[in-house]
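So the chains spell out like this:
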Amino acid sequence: MPYVWSCKEEPEYCLELWPHSSLPNKGFAIFIIITFIMLNFPLYGLLGTKYFWVIFTFLFVMLASVWYALRRNYKDRRILEKLTITSELCRLLRQNPTGEHQSWECNRYWTKISLHETGGPVPNYITLSGGGRVVEIGSFLSEPERKDLYLELIKVIKKFKYN
């Protein structure tokens, strides 16, 4: 799961969420090297011909495009969300890929957690509302992970409401 409860005891619950990263840096390097080697095979038959540079240029541009797209994906997935629930308040801090921070804070008693099965940007969209605002949480998680997260959040909020 790309989220973890870093502190899961009263009086404070802390949740950290981040997007999946299915290709680590080592895997990225191996993928690029293998792709480069495989793209060289068609060039061996063209050595010494005028077509070599045409095909070479096309293959080089294609490899550079794959490299750029994967690196851009890494940069776009640098998201971190931290939810802190205490007996007094509920606070969500989000670090965007650009490094910009966003925050939301609400009295814990008035915090409402909603699961929108349809109508959101993704199926089973989770929102927190309170303090006059509605914010999303975990939109980058997979659908089953969002369902599990929703159930866990409901349990934590109920622990505080009925104590």
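Here's what I pulled together on the structure shown here. (Residues numbered from 1 in each chain as written. Predicted model: local features only at pLDDT ≥ 70, side-chain atom pairs only at ≥ 80, totals over all residues. Heavy atoms only, no water.)

**Some details on empty space enclosed by the protein**
Here is step 1: Following the criterion strictly, the structure yields one cavity of 30 Å³ or more and no others.
Here is step 2: As for the largest cavity, its lining consists of Phe-36, Leu-39, Asn-40, Leu-43, Phe-56, Leu-59, Phe-60 and Leu-63.
Here is step 3: At the level of secondary structure, the elements contributing two or more residues to the lining of the largest cavity comprise helix H1 (25–44) and helix H2 (51–76).
Here is step 4: Looking at the lining of the largest cavity residue by residue, the class counts come to seven nonpolar, one polar and no charged. (1 Å grid on protein atoms, 1.4 Å probe; cavity = no way out; pocket = protein on both sides within 12 Å on 5 of 7 lines; lining within 4 Å. Points joined across faces, edges and corners; volume = space filled by probe spheres on them. Helix = DSSP H or I, 4+ residues; strand = E, 2+ residues; numbered from the N terminus. Nonpolar A, V, L, I, M, F, W, Y, C, P; charged D, E, K, R; others polar.)

**Structural notes on the pairing of strand E7 (residues 125–130)**
Here is step 1: Within E7, six of the six residues are buried, which leaves it mostly tucked inside the rest of the structure.
Here is step 2: Side chains of E7 alternate between two faces, with Tyr-125, Thr-127 and Ser-129 and Ile-126, Leu-128 and Gly-130 buried alike.
Here is step 3: Where strand E6 (residues 112–116) and E7 come together, five bridges link them in antiparallel fashion. Opposite Ser-114, over in E7, you have Thr-127 as the bridge partner.
Here is step 4: Taking the residues between adjacent antiparallel strands as the criterion, E7 and strand E8 (residues 133–136) are bridged by two residues, where Gly-131 takes a positive phi near 65 degrees. (Buried < 20%, exposed > 50% of the residue type's maximum accessible area, 1.4 Å probe, protein only. Pairing = 2+ DSSP bridges.)

**Quick notes on the side chain of Asn-96**
Here is step 1: You can see Asn-96 is positioned in the loop between strand E4 (89–95) and strand E5 (101–107).
Here is step 2: With sequence-adjacent residues up to four places away left out, Asn-96 is seen in contact with Arg-78 and Gln-102. (Contact = heavy atoms within 4.5 Å.)

**Some words on the environment of Gly-130**
Here is step 1: Looking at where Gly-130 falls in the secondary structure, it is placed in strand E7.
Here is step 2: Judged by relative accessible area, Gly-130 falls into the buried class, the value being 13%.
Here is step 3: Separated by 18 residues in sequence, Gly-130 and Lys-112 have C-alpha atoms that sit 6.5 Å apart.
Here is step 4: Gly-130 has contacts with Trp-104, Cys-106 and Trp-110, leaving out every residue within four places of it along the chain.

**Some remarks on the sheet that holds E6**
Here is step 1: Within the open sheet, the three strands sit side by side as E6-E7-E8. Their pairing is antiparallel. Sheet topology places E6 and E8 at the edges, where each strand pairs with a single neighbour. If you compare each strand with its neighbour and ignore which way they point, the axes differ by 30 degrees on average.
Here is step 2: Two elements, E7 and E8, share four bridges in a ladder whose sense is antiparallel. Each residue of the ladder has a partner; that of Ser-129, found in E8, is Val-134. (Axes fitted to C-alpha atoms, helices over the stretch in contact; angles between N-to-C directions.)

**Let's talk about unusual backbone geometry**
Among all residues save glycine, negative phi is the norm, and among peptide bonds the norm is trans.
Here is step 1: Phi angles above zero are rare outside glycine, and Asn-124 is one such case at about 55 degrees.
Here is step 2: Among the residues examined, Asn-124 registers a relative accessible area of 5% and is labelled buried.

**Here's the deal with a nonpolar patch on the surface**
Here is step 1: On the surface, Ile-30, Ile-33, Ile-34, Phe-36, Ile-37, Met-38, Phe-41, Tyr-44 and Leu-47 cluster together into a nonpolar patch covering about 940 Å² of accessible area.
Here is step 2: Relative to the assigned elements, Ile-30 resides in helix H1.
Here is step 3: The partly exposed category is assigned to Ile-30, whose relative accessible area is 43%. (Patch = residues over 30% accessible without salt bridge, like charges linked within 9 Å, V, L, I, M, F, W, Y side chains within 5 Å. Areas by Shrake-Rupley, 256 points an atom, 1.4 Å probe, with all protein chains shown as cover. Salt bridge = Lys/Arg side-chain N within 4 Å of Asp/Glu carboxyl O.)

**Considering the sheet that holds strand E1 (residues 3–9)**
Here is step 1: Taken together, five strands build an open sheet; the order of strands is E1-E2-E3-E4-E5 and the sheet is antiparallel. With one partner strand each, in any of the chains shown, E1 and E5 form the two edges of the open sheet. Adjacent strand axes in the sheet meet at a mean angle of 10 degrees when their direction is disregarded.

**Let's talk about the side chain of Glu-81**
Here is step 1: With respect to the element layout, Glu-81 can be found in strand E3 (residues 80–86).
Here is step 2: Note on Glu-81: relative accessible area 0%, which makes it buried.
Here is step 3: A polar atom in the side chain of Glu-81 sits 2.9 Å from the backbone nitrogen of Gly-138. (Polar contact = N/O pair within 3.5 Å; in protein donor to acceptor, adjacent residues only side chain to side chain.)

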